[in-house]
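# Architecture and fold: a report
Residues per chain, in single letters:
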Amino acid sequence: MTENRARTVFLLAHTGRPAAVRSAELVVKGLLRSGLGVRVLEAEARDLPLPSEVELVKEATPQCLDGCELLIVLGGDGTLLRGAEFARASGVPMLGVNLGRVGFLAEAERDDLDKVVDRVVTKAYEVEERMTVDVVVHQNGDIVHTDWALNEAAVQKVSAERMLEIVLEIDGRPVTGFGCDGIVCATPTGSTAYAFSAGGPVVWPEVEALLMVPISAHALFAKPLVTSPDSVLAVEVLPHIPPGVLWCDGRRTVELPAGARVEVRRGAVPVRLARLHHASFTDRLVAKFALPVSGWRGAPH
């Protein structure tokens, strides 16, 4: 018990969801009962029924996780991506509990809270690294914006009545150009997010690769592309058209003026995820999408 008291877990929750409030209460009580310390943002603590032993921090910065062993995130995809921002900046592994719909970034569901607490207390989890992408926006030869993403960097049109005119480039060479609603540059982790909705392939997380997936392209050749993880992807917004917009993980956005160039490459800093299960990604895919596998008879003996 003395050893556990030196351990601290940071909790991030979507306090606007009643399920998250109840889940946070259960997790906090379970961790404190086992002797672990719990740290929470002061702004979120106002909406959570937390015991006085919980440590509160005012500033939502990477430093607020200093000394923490783990970041537990309770919520849907948006909250998990918010947690990923903290995890990447601090280097602290993130353990997601899905309170939304699909939740591919989550490692557990709301019915698993007792198991989550037990695994954290006994350190019965492993940590894996997920590839990110670094994003650089150029305008007239100057760097005007830098960003990153765990799932995807998406270049999209702003005007509903006008298509975005772009040229795609890989490793310094042009590939094709067309009018479209946008283009998604994704990681394997993001292949089950926006890229999937746009018709891209599902890529297993163990595969190191980058994806380019067009959104509603007006072209005969506008297929999803899968490149080396060391490739540099570029999207050039042609001049003399309405501006576009860059979205990173659907959370951070910047306007792209005509003539802007967006470069996407493998990120220098990964996001660390805590894993509780050894189940294959295939099983996770089947479960998340409720795929019809009832006729499967197994491998022949």
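For the structure itself, look to the data block above.
Cut-offs used in this document
Residues numbered from 1 in each chain as written. Predicted model: local features only at pLDDT ≥ 70, side-chain atom pairs only at ≥ 80, totals over all residues. Heavy atoms only, no water. Helix = DSSP H or I, 4+ residues; strand = E, 2+ residues; numbered from the N terminus. Rg over C-alpha atoms; globule rule 2.2 N^0.38 Å. Buried < 20%, exposed > 50% of the residue type's maximum accessible area, 1.4 Å probe, protein only. Contact = heavy atoms within 4.5 Å. Areas by Shrake-Rupley, 256 points an atom, 1.4 Å probe, with all protein chains shown as cover. Core = buried A, V, L, I, M, F, W, Y, C linked by side-chain atoms within 4.5 Å. Axes fitted to C-alpha atoms, helices over the stretch in contact; angles between N-to-C directions. Left-handed = near helix turned anticlockwise from the far one by under 90°.

### Points about the overall build of the chain
From N to C terminus, the chain includes seven helices and 20 strands. Over its C-alpha trace the chain gives a radius of gyration of 21 Å, about what one expects of a compact globule, namely 19 Å for 301 residues. The buried share of the chain, taken over its 301 residues, is 50%. Taking the contacts inside the chain whose residues are at least 6 apart along the sequence as the reference set, 67% of them involve residues at least 24 apart. Accessible surface computed for the chain: about 14,500 Å², of which carbon and sulfur atoms make up 52%.

### Quick notes on the nonpolar core
As a rule of thumb, soluble globular proteins bury nonpolar side chains together. Ranked by internal contacts, the top residues of the largest apolar core, which has 31 residues, are Leu11, Leu31, Ile72, Leu74 and Val120. Elements supplying a minimum of two residues to this core: strand S1 (8–13), helix H2 (18–33), strand S2 (37–41), strand S4 (70–75), strand S5 (94–98) and helix H5 (113–121). Of all hydrophobic cores here, the second largest spans 28 residues; its members include Ala149, Cys185, Met212 and Leu246.

### Things to note about the environment of valine 102
Mapped onto the fold, valine 102 is located in the loop between S5 and strand S6 (108–109). The sequence separation of valine 102 and threonine 192 amounts to 90 residues, and the corresponding C-alpha distance is 9.7 Å.

### Overview of the packing of H2 against H5
Interhelical geometry of H2 versus H5 gives an angle of 35° and a closest axis separation of 10 Å. Once H2 is placed against H5, the crossing between them reads as right-handed. Of the residues in H5, those in contact with Ser23, Leu26, Val27, Gly30 and Leu31 of H2 are Leu113, Val117, Val120 and Val121.

### Notes on unusual backbone geometry
Residues other than glycine seldom take positive phi values, yet serine 216 does so here, at roughly 50°. Among the structural elements, serine 216 can be located in the loop between strand S14 (210–215) and strand S15 (225–227). Given the relative accessible area of 52%, serine 216 is considered exposed. Its identity is not glycine, yet histidine 240 carries a phi of approximately 65°, on the positive side. Along the chain, the position of histidine 240 falls in the loop between strand S16 (233–237) and strand S17 (244–248). Assessed through its relative accessible area of 79%, histidine 240 is described here as exposed.

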